[in-house]
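Summary of the model geometry
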Amino acid sequence: MAKLAFYFDSSRCSACKGCQAACKTWNSLPSPLGQDENPFTGSYQSPLDLNGDTRLLISFSEVAGGSKGVEWSFGRRSCFHCTNAGCVQVCPSGALAHDEETGMVRVTEDKCIGCQYCKYSCPFNVPRHYGYNDKINKCTSCLDRVSHDRQPACVKTCQSETLMFGSRDELLAKANERVAKLQEQGFERAAVYGGNELGGLGLIVVAHHGIESLSLPANPRISGMVNLLDILKPLAGLGAAAVLAGLGVSFLTGIGYERHKLRYDEETHDIIDDETNEVLAHFDFDEEE
Amino acid sequence: MARYIKRHSLQARITHDVFAVSGILLFLTGLFVFIPPLADAAPATTVYVIRIAHRVIGFIFILVPIISAILAPGGFKHYLSNYFRRWNKEDITWMKKFIPYMLAPKKVHMPNQPELKSGQVVADGALMLGAIVMAISGLFLVFGTWFVDLSAGLMVFMRLLHNIGFIWMIVFVIPHIYLGAGIFQPYRKTARLMFGDGKVSESDALYHWGNWAAEEFEKGEKVVEEDD
């Protein structure tokens, strides 16, 4: 389980997108800067989803707010750094792995071979790929900063204490306290997300309008087919070994065997052993005709 | 002088050989994705090149038999008819005796067979089925990552299918090479059929496909005489 974690409190987020910009800045991720280069999407959410250049996105949802009319529910869309991470499970090259010290899902871009299996194994549909060789782009939890005792770029820039980073246990306790307080304040659907999902997530979310408002799956699961893939590999080895062993025995029993030459006699329609002159088979072509 | 039967045309041999070599290359390049420690050990650029090579070779693997079938529709029809022929008692006896024969070829004698043995129908048919599964699932994996955005469930399913096809192919390709390359003693010289001039000697033809060889000797159209 992750030892460290992100904390995101939707009740404090003002959707300033400072985290989104800081992520791009620190990680040198390009963004269209010219006038009208970002197409209008009909939403303040921009871009509409994660992409090869965007690993962190503030999502915008409208929630019925009772007497207050419509309220916003802002969410953080990025890697959840799952303990049971489908992406780590399927990565064939070791590009994705859990960082031993923090428990976050580390990206070693140099090792990425662009197969995109991670994208299709992630219950949150987070990994994206970029460039001609389809390298992965996802939140790295700024391990390059964290390893030097600095906060991830998004956390460092957050002014409203929406985002925090630190001990997972402490942040989970904080999230539970916060939810209890929010419920007292009338946010009945307030909930913590990430405590136990997929073995515990490395992103703890306080959803003050409930997890549905952030479009988070209630019970995220790794596809059974992904688990089946793990079984197939030893099965392939076993199958190959069994076939080779069987053929090895066959080869040994065949050593030294010299077949007698055979010939065909068109007059008698016989297959004849050339060495013993024994008739091995006779064909009745004339009768058939 | 010795007699031979012309069994496989040049086009059939080229089709088979390109298909076989590309299949082996697909197996080797595919290992770098199938076995993570292999990809982990090699530089990412190398693995990337291997992965792209896997896809390019994959297209050759798919296109060559299709082109061949288009170029020779009659031959393709004849090829298919061998797989969908009616089985007789000798075919069933051949199948029953196959494993004992593989383990004791000196003692177990197989019944005469037509142009395609019943065992070949099953084993080569299984190979073709595996190749079709690999081709279709492979195309989905290529198009789903390069050209269109397919659903995650479909992509994982296709990868699963590709892996199952891979195991299936391992189980049938290894014996195919063992027999086809003539590693098994009674099958010596069979490599010549597909990787040589496509001719089979009188003795080998009668041993492997007795019914077919007898018919060919009666007709005489494909029979040639050569120096020993």
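Rules used in this analysis
Residues numbered from 1 in each chain as written. Chains lettered and ligands numbered in written order. Predicted model: local features only at pLDDT ≥ 70, side-chain atom pairs only at ≥ 80, totals over all residues. Heavy atoms only, no water. pLDDT = per-residue confidence, 0-100. Phe/Tyr/Trp six-rings, centres within 6.5 Å; stacked < 30°, edge-to-face > 60°. Helix = DSSP H or I, 4+ residues; strand = E, 2+ residues; numbered from the N terminus. Buried < 20%, exposed > 50% of the residue type's maximum accessible area, 1.4 Å probe, protein only. Lys NZ or Arg CZ within 6 Å of the ring centre and 35° of its normal. Contact = heavy atoms within 4.5 Å. Buried area = accessible area lost by both parts, 1.4 Å probe. Salt bridge = Lys/Arg side-chain N within 4 Å of Asp/Glu carboxyl O. Polar contact = N/O pair within 3.5 Å; in protein donor to acceptor, adjacent residues only side chain to side chain. Nonpolar A, V, L, I, M, F, W, Y, C, P; charged D, E, K, R; others polar. Pairing = 2+ DSSP bridges. Axes fitted to C-alpha atoms, helices over the stretch in contact; angles between N-to-C directions. Expected span 1.5 Å × (residues − 1).

Moving on to the confidence of the model for chain B. In this model, chain B carries an average pLDDT of 92, and 100% of its residues clear a pLDDT of 70 or more. Across the assembled chains, the prediction reports ipTM 0.85 with pTM 0.82.

Here we take up the packing of aromatic side chains. The final tally for this structure, using the stated rule, is 24 aromatic pairs over all chains. For the pair A:Phe60 and A:Phe74, a centre-to-centre distance of 5.0 Å together with 70° between the ring planes defines the contact as edge-to-face. Taken together, the residues A:Phe60 in strand S2 (residues 57–64) and A:Phe74 in strand S3 (residues 70–77) connect sequence positions 14 residues apart. With relative accessibility at 15%, the residue A:Phe60 sits in the buried group. A cation sits over an aromatic face here: A:Arg259 above B:Tyr207, 3.9 Å from the ring centre. For the cation-ring pair, B:Arg7 lies above B:Trp209, with the distance from its terminal atom to the ring centre recorded as 3.6 Å.

A separate point is the interface of chain B and chain A. Across the contact, 57 residues belong to chain B and 55 residues belong to chain A. Interface of chain B and chain A: buried area, both sides summed, is about 4,700 Å²; carbon and sulfur atoms make up 64% of it. Counting across the interface, chain B meets chain A through 3 salt bridges. A salt bridge links B:Asp204 to A:Arg259, with the nearest nitrogen and oxygen atoms 2.8 Å apart. In this assembly, chain B and chain A are joined by 23 residue pairs in polar contact (both at pLDDT 80 or more). The element best represented in the side of chain B that touches chain A is helix H7 (residues 152–180) of chain B, accounting for 15 residues. When grouped by side-chain class, the residues that make up the side of chain B that touches chain A number 35 nonpolar, 11 polar and 11 charged.

For the rest of this paragraph, the subject is the sheet that holds strand S10 (residues 203–207) of chain A. Residue and element names in this part refer to chain A. With mixed pairing, 4 strands are arranged side by side in an open sheet as S8-S1-S10-S9. The open sheet has two edge strands, strand S8 (163–167) and strand S9 (191–193), and neither has a second partner. Neighbour-to-neighbour, the strand axes of this sheet turn through a mean angle of 20°, independent of strand direction. As judged from the 5 bridges shared by strand S1 (residues 4–9) and S8, these two strands associate in the antiparallel manner. Considered in S8, the bridge of Tyr 7 is made with Met 164.

In this section: helix H7 (residues 224–254) of chain A. With 31 residues, H7(A) extends 44 Å from end C-alpha to end C-alpha; this agrees with the ideal 45 Å at 1.5 Å per step. When H7(A) is considered as a whole, its buried residues turn out to be A:Val226, A:Leu229, A:Leu232, A:Ala236, A:Gly239, A:Ala240, A:Val243, A:Leu247, A:Ser250 and A:Gly254. Those residues of H7(A) that are buried are in contact with helix H2 (86–90) and helix H3 (117–121) of chain A together with helix H1 (10–34), helix H5 (89–103) and H7 of chain B. The distance from a side-chain oxygen at the start of H7(A) to the backbone nitrogen of A:Met225 is 3.1 Å, and the residue carrying that oxygen is A:Ser223. Looking at the residues trailing H7(A), positive phi occurs at A:Gly256, about 85°.

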